[in-house]
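One-letter residues, chain by chain:
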Amino acid sequence: MPTATTTIPDAKAKSPEAFMGFQDRYVTRTAIVLTLYAMLFFVLAFLSPYLAPALTLFGEASVQERKLAADQLLFLNETVWTALPVFFFGSLLFGLLLTKRVAGPLAHLERCAVQWGKGYVAQRVAFLPADRLDGLETTTNAAWAQVERTLDTIDRHNHDLRRIADSLALALVGHSSGPPELAERASQIVSASGAIKTALQPFRLIPKP
């Protein structure tokens, strides 16, 4: 008679430490990329005042207009470059702020994933309103709520199945005239119930009254 088997994932294959290492690398790469984008934005903003005078100076304009454009470039060269440190630190700060907006939800999701890895299926995601991740929060919580309900249903029906099998085994005690396959079936039910109970052990299910 074929028997059902349950495979439990190896907890060592995807440990919380490995996930945290991946998250740290991801946050670091994100911080670098966002900082570079911010610096590029500020560089473009820094060079934008030079654009119009440069086009006038190297375009088809009169001598008076070119002289005015050259004076503007000289004036910008004396004034705008002094603001270069402000542009640099501003881009750095802007990149760090953007990184914080990305790393905050990731850190919370990491904590939830650690709890899920420990079997706490009742753990729910709760992002900050400023994160604007309501869709992800709702979808993730709905999925884990469905998982919790399914595991709870399996656990309750497994208890009922084990109780029925125990009652059947007690009823067969002292009745040697009964069908021999009936006692074998009861033993198989008890064995299958034990396998289901073992598979559910990693999950921390809240007892239902």
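If you're wondering where the values come from, they're calculated on a predicted model, not measured in any experiment. (Residues numbered from 1 in each chain as written. Predicted model: local features only at pLDDT ≥ 70, side-chain atom pairs only at ≥ 80, totals over all residues. Heavy atoms only, no water.)

Trainee: Explanation requested: the overall build of the chain in the structure shown.
Mentor: Of the regular secondary structure elements, the chain holds five helices and zero strands. For the chain, the N- to C-terminal ordering of α and β elements is α-α-α-α-α. Out of the 209 residues in the chain, the part that is buried amounts to 20%. When the accessible surface of the chain is summed, it comes to about 15,100 Å², and 68% of that surface belongs to carbon and sulfur atoms. (Helix = DSSP H or I, 4+ residues; strand = E, 2+ residues; numbered from the N terminus. Buried < 20%, exposed > 50% of the residue type's maximum accessible area, 1.4 Å probe, protein only. Areas by Shrake-Rupley, 256 points an atom, 1.4 Å probe, with all protein chains shown as cover.)

Trainee: What is the right way to read helix 4 (residues 134-172) from this model?
Mentor: Within an α-helix, residues lying three or four positions from one another point in the same direction, as the helix has 3.6 residues per turn. Taking 1.5 Å per residue, 39 residues should reach 57 Å; helix 4 reaches 57 Å between its end C-alpha atoms and fits that length. Among the residues making up helix 4, those that are buried are E137, T140, N141, A145, E148, L151, D152, N158 and A165. (Expected span 1.5 Å × (residues − 1).)

Trainee: Even after reading the chapter, I still don't get the pattern of salt bridges, so can you show me in this structure?
Mentor: It is possible for side chains bearing opposite charge to pair when their charged atoms get close. Enumeration over the complete set of coordinates arrives at four salt bridges. Between D152 and R156 there is a salt bridge whose closest N-O contact spans 3.1 Å. Linking D152 with R156, this pair stays in helix 4, spanning four residues, or about one helical turn. Residue R156 is classed as partly exposed on the basis of its relative accessible area of 40%. Residues D160 and R163 are paired through a salt bridge, measuring 2.4 Å at the closest nitrogen-oxygen approach. One end of the pair, D160, and the other, R163, are both in helix 4, three residues apart, so they sit about a helical turn from each other. Looking at D160, the relative accessible area reads 31%, which means it is partly exposed. (Salt bridge = Lys/Arg side-chain N within 4 Å of Asp/Glu carboxyl O.)

Trainee: Help me understand the packing of aromatic side chains, please; the structure alone is not making it clear to me.
Mentor: Geometry of an aromatic ring pair is reported as the spacing of the ring centres plus the angle between the planes. Under the defined criterion, the tally for this structure stands at one aromatic pair. Where W116 meets W144, the ring centres are 4.7 Å apart and the plane angle is 15 degrees; that geometry is what we call stacked. With W116 in helix 3 (residues 84-117) and W144 in helix 4, this pair connects stretches of sequence that are 28 residues apart. Its relative accessible area of 14% is what places W116 among the buried residues. (Phe/Tyr/Trp six-rings, centres within 6.5 Å; stacked < 30°, edge-to-face > 60°.)

Trainee: Any chance you could explain helix 3 here in plain terms?
Mentor: Spanning 34 residues, helix 3 covers 48 Å between terminal C-alpha atoms, matching the ideal 50 Å at 1.5 Å per step. Among all positions of helix 3, only S91, G95, T99, P105, H108, E110, C112, V114 and W116 are buried. Within two residues after helix 3, G119 carries a phi angle of roughly 100 degrees, on the positive side.

Trainee: How should I be thinking about the side chain of H108 in this particular structure?
Mentor: Within the secondary structure layout, H108 lies in helix 3. Every residue in contact with H108, bar those within four places of it in the chain, is listed here: R124, V125, A126 and F127. (Contact = heavy atoms within 4.5 Å.)

Trainee: Hey, could you run me through the confidence of the model for the chain in this one?
Mentor: One rule of thumb: low pLDDT means the predicted coordinates there are not for detailed reading. For the chain, mean pLDDT is 76; residues scoring 70 or higher make up 80% of the total. Averaged over each element, pLDDT in the chain is lowest for helix 1 (residues 16-58) (71) and highest for helix 4 (87). (pLDDT = per-residue confidence, 0-100.)

Trainee: Help me understand unusual backbone geometry, please; the structure alone is not making it clear to me.
Mentor: Peptide bonds are mostly trans, and most non-glycine residues show a negative phi. Positive phi, close to 55 degrees, is recorded for R132, a residue that is not glycine. Its relative accessible area of 73% is what places R132 among the exposed residues.

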